[in-house]
Every structure is written in C-alpha cells, then in structure tokens.
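# Structural overview for review
Listed here are the chains, written in short residue letters.
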Amino acid sequence: HRLRGIVLHGILSHVVVPGGLDASLEEEFSAGTLSQEEAREAGELLRGRIASAAARGWFPEDCSQVRNELTLIDSDGTVCRPDRVVTRPDGEVVIIDYKFGEPKPSYAAQVARYADIFRRMGYARVSTALWYVDTDVVVEGI
C-alpha cells in the first residue's frame, strides 16, 4: 500500500492541469514504475479524483496559478514542500496536501505549518486541505 501511495503521489506531482494526467501516467509506464494494467487502473482512479478536485478549483486550466512540490524554507531553516499550491485570481492561496493512507494527527500539523509560512510571507487569505485521494475525502480549514 505504501509503495502504491508513493507512485500515485508521484503521478499527481507532475499533473498541473487536468489534461496532464495522461503524460504523467505515460512517464511512469515508460520508466517501468507501472505496468500497462497498473497505469490503466491508476488513470481510472486519478481521472475521477482530479475531476472532483477540479470542481473544488484545485486543478484550474490556467497553469500559472499552480505550483506542485513548491519548496518553502521556514525561518528555522526547515525545508517544506506542500504537494499543491493554487493561487486564485482574488489572491487567496490554497494549500493541498495529498495523502494515500490513514489519517494521522501529524498531517494536520504539517499543513498548518505550510499555511503559517504563507501567512508570515504576507498572504492574508490562506486555506488548507488534506486530500485523502483513495477515498476522495477532504479535510479543510486546518
């Protein structure tokens, strides 16, 4: 399960706009990470999940609004990488972290730290979400 989550997370990390899923799946297949059948199954799952997330505004067609695996350096020197950061036209920053396992208290602390960094950088409107991709459960407002 952990390996599956790592592979699916890797696929999503390369998808900026919904149409980028097929290229990301092809890349994993070509690299030998996924068999053809696994790529098909992953595509079925992720297509549905991306459609659901796009309805939330997390996969806008304008790729300039999206940063995947954005590197942040906190004031103590710690490097953080939120999975997806969407900057909306109204200036709101939405931080989304993908999860493929069971919920853990440390996940909420992780995204809360990301939000705190953005607020300290001067962003007034910051929202967060933990997205449990397998079940399409979303925990917002952490």
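Everything below is about the structure shown above.
Nothing here was measured: the structure is a model prediction, and the numbers come from that model. (Residues numbered from 1 in each chain as written. Predicted model: local features only at pLDDT ≥ 70, side-chain atom pairs only at ≥ 80, totals over all residues. Heavy atoms only, no water.)

### A closer look at the environment of R67
You can see R67 is positioned in strand β1 (residues 66-68). Residue class for R67 comes out partly exposed when judged on its relative accessible area of 42%. Those residues in contact with R67 that sit more than four places away from it in its chain are D83, R84 and V85. At a separation of 3.3 Å, a polar atom in the side chain of R67 contacts the main-chain carbonyl oxygen of S64. (Helix = DSSP H or I, 4+ residues; strand = E, 2+ residues; numbered from the N terminus. Buried < 20%, exposed > 50% of the residue type's maximum accessible area, 1.4 Å probe, protein only. Contact = heavy atoms within 4.5 Å. Polar contact = N/O pair within 3.5 Å; in protein donor to acceptor, adjacent residues only side chain to side chain.)

### Quick word on the side chain of R84
Relative to the elements of secondary structure, R84 occurs in strand β4 (residues 84-87). Despite its burial, R84 pairs with no opposite charge, the nearest such side chain being E69 at 9.1 Å. Here W58 takes part through its backbone oxygen, which lies 2.6 Å from a polar atom of the side chain of R84. Not counting chain neighbours up to four residues away, the residues in contact with R84 comprise V15, V16, W58, F59, P60, V66, R67, N68, V94, I95, I96 and Y98. (Lys, Arg positive; Asp, Glu negative; His and termini not counted. Salt bridge = Lys/Arg side-chain N within 4 Å of Asp/Glu carboxyl O.)

### A short note on the nonpolar core
When a protein is soluble and globular, its nonpolar side chains tend to lie buried together. With 25 residues, the main nonpolar core has I11, L12, L46, W58, F59, Y98 and W131 as its most contacted residues. Those elements that provide at least two residues to this core are α1 (2-13), α2 (21-30), α3 (36-55), β5 (93-99) and β6 (126-132). Sort the elements by how many residues they give to this core and α3 lands first, with six residues. With 14 residues, the next largest nonpolar core counts I95, A115, F118 and V126 among its residues. (Core = buried A, V, L, I, M, F, W, Y, C linked by side-chain atoms within 4.5 Å.)

### Details of the side chain of E92
Among the structural elements, E92 can be located in the loop between β4 and β5. A distance of 2.9 Å separates the side chain of E92 from the side chain of S127, its partner in a polar contact. Residues contacting E92, with those up to four places away along its chain left out, are V86, T87, R125 and S127.

### Quick word on the packing of aromatic side chains
Tallied over the entire structure, the rule returns five aromatic pairs. Aromatic side chains F118 and Y123 sit 5.5 Å apart centroid to centroid with 65° between the ring planes, which places their arrangement in the edge-to-face category. A relative accessible area of 4% places F118 in the buried class. Take Y123: its relative accessible area is 35%, and that puts it in the partly exposed class. Members of the aromatic cluster, joined through ring pairs, are W58, F59, Y98 and W131. Across from the ring centre of W58, 5.2 Å away, lies the NZ or CZ of R56, which sits over that ring. Above the ring of Y107, the side-chain terminus of K99 is found at 4.2 Å from the ring centroid. (Phe/Tyr/Trp six-rings, centres within 6.5 Å; stacked < 30°, edge-to-face > 60°. Lys NZ or Arg CZ within 6 Å of the ring centre and 35° of its normal.)

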